[in-house]
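Structural description and commentary
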Amino acid sequence: MVIPRKKRVIPDGLWIKCEGCSGLIYRKAMVERFYVCPECDYHFRIPAWERIRITLDEGSFQEFWPDMEPADPLDFKGYKEKVQTEQKRTGLKDAALVGTGTIHNRKIVFGTTDSNFIMGSMGSVVGEKIARAAALAREKRLPLVIISGSGGGARMHEGMFSLMQMAKTSAALFSLREANGIFISVLTDPTMGGVMASYASLGDIIVAEPGALIGFAGPRVIEQTIKKTLPEGFQTAEFLLEHGFLDMIVSRQDMRRELSRLIDFMVGPSDEAEVKVANGAEQIPNVTTQETAGPFSTKEDRGKDQNETTENQI
Ligand SMILES: [Zn+2]
């Protein structure tokens, strides 16, 4: 099976058509299941702020470097306009959000890329944020978790400056490893190209969501190059797990629990988290359907306390 790389966004409306089973599903039921189809378990692509909301403890995320915006070093035709359009549409300055937050009361450095913003591609801003997140994790001695959704790979509009980010993020992660830091990389649909070929594949543990398209070049390019038909399910998370490239596949509903378990396993359980779980205080973050704002609501909807700038911390 070759999965077409078309742009998938969640349309508005009470009922939506599932990309996985083509069935008509009730939007509210899908949103309540963390944007997963109740019929076939298809994992819809979700925006960065939704990812933060369903992954971290409620209200715990503190964004770092929120005002970093892409430059246009090559004066690439139409890039400035494209960035402005995407910024308006998504409410993001660029495809990555990084900061600190907690999972089960355990503090981590957290980053995520949004495939809705120029396919989540890595230009100088995404690369810089990921590299700084790694440096922050090293300095603060915190686990680093990055959830990638980047179908675009390196962003062509910034040319060599984008390609440089592959080396820069890799070097930053190597530095984290030298300091015995921990990096868990979570791959979601899609994680491709220069993102997959750099930081996303360098996790101490590599986790993926079910059915995610993961790879370097797209399947069509590979087929044209090697002049062979690719095997069934090539570049899906399941195929890569079977061939040893991934450590585990975790469904979105279990992701918080699994990330917490992995961190506990790697650095030892936190006393605070243990007490909370023992007391039954741990809860899945409050899931709202956001009927008015929709899943693409901007960060302005989410409370000003998350927007604090901490530019000078590292
Ligand atoms: Zn479905």
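By convention here, each chain's residues receive numbers from 1 onward along its written sequence. Per-residue local features of the predicted model are confined to residues with pLDDT of at least 70, and side-chain atom pairs are confined, for both listing and counting, to 80 or more; whole-chain, interface and lining totals are unaffected and use all residues.

An order of β3-β4-β5-β6-β7-β8-β9 is seen for the seven strands of this open sheet, with the pairing classed as mixed. Two strands in the sheet have a free side with no partner beyond their single neighbour: β3 (62-64) and β9 (248-249). Strand direction decides the pairing type here: strand β5 (residues 106-113) and strand β6 (residues 144-150), joined by four bridges, are parallel. Bridge pairing in β6 places Gly111 opposite Ile146. Pairing between two strands requires that DSSP report at least two bridges joining them. Helix numbers and strand numbers start at the N terminus; a helix is a DSSP run of H or I with at least 4 residues, a strand a run of E with at least 2.

This part takes up the environment of Cys37. When you line up the elements, Cys37 lands in the loop between α1 (27-32) and α2 (48-55). Exposure classification rests on a simple neighbour count of other C-beta atoms within 10 Å of a residue's own: a residue reaching 20 or more is buried, one at 12 or fewer is exposed, and one in between is partly exposed. C-beta atoms are placed from the backbone. With 19 C-beta atoms counted inside 10 Å, the residue Cys37 sits in the partly exposed group. Spatially, the C-alpha atoms of Cys37 and Cys18 are 6.8 Å apart, while their sequence positions differ by 19 residues.

Further remarks concern the pairing of strand β8 (residues 205-208). As judged from the four bridges shared by strand β7 (residues 183-191) and β8, these two strands associate in the parallel manner. Bridge pairing in β8 links Leu187 to Ala208. As defined by bridge partners, β8 adjoins β9 across two bridges and the pair is classed as parallel. In the sheet register, Ala208 faces β9, and the bridge partner there is Ile249.

Glancing now at unusual backbone geometry. With glycine set apart, most residues show a phi of negative sign, and most peptide bonds adopt trans. Cis geometry marks the peptide bond from Asp189 to Pro190; its omega dihedral reads -5 degrees. With respect to the secondary-structure elements, Pro190 resides in strand β7. Residues other than glycine seldom take positive phi values, yet Arg141 does so here, at roughly 55 degrees. Positive phi, normally seen in glycine, also occurs at Asn180, with a value near 60 degrees. Secondary-structure assignment places Asn180 in the loop between α5 (160-178) and β7.

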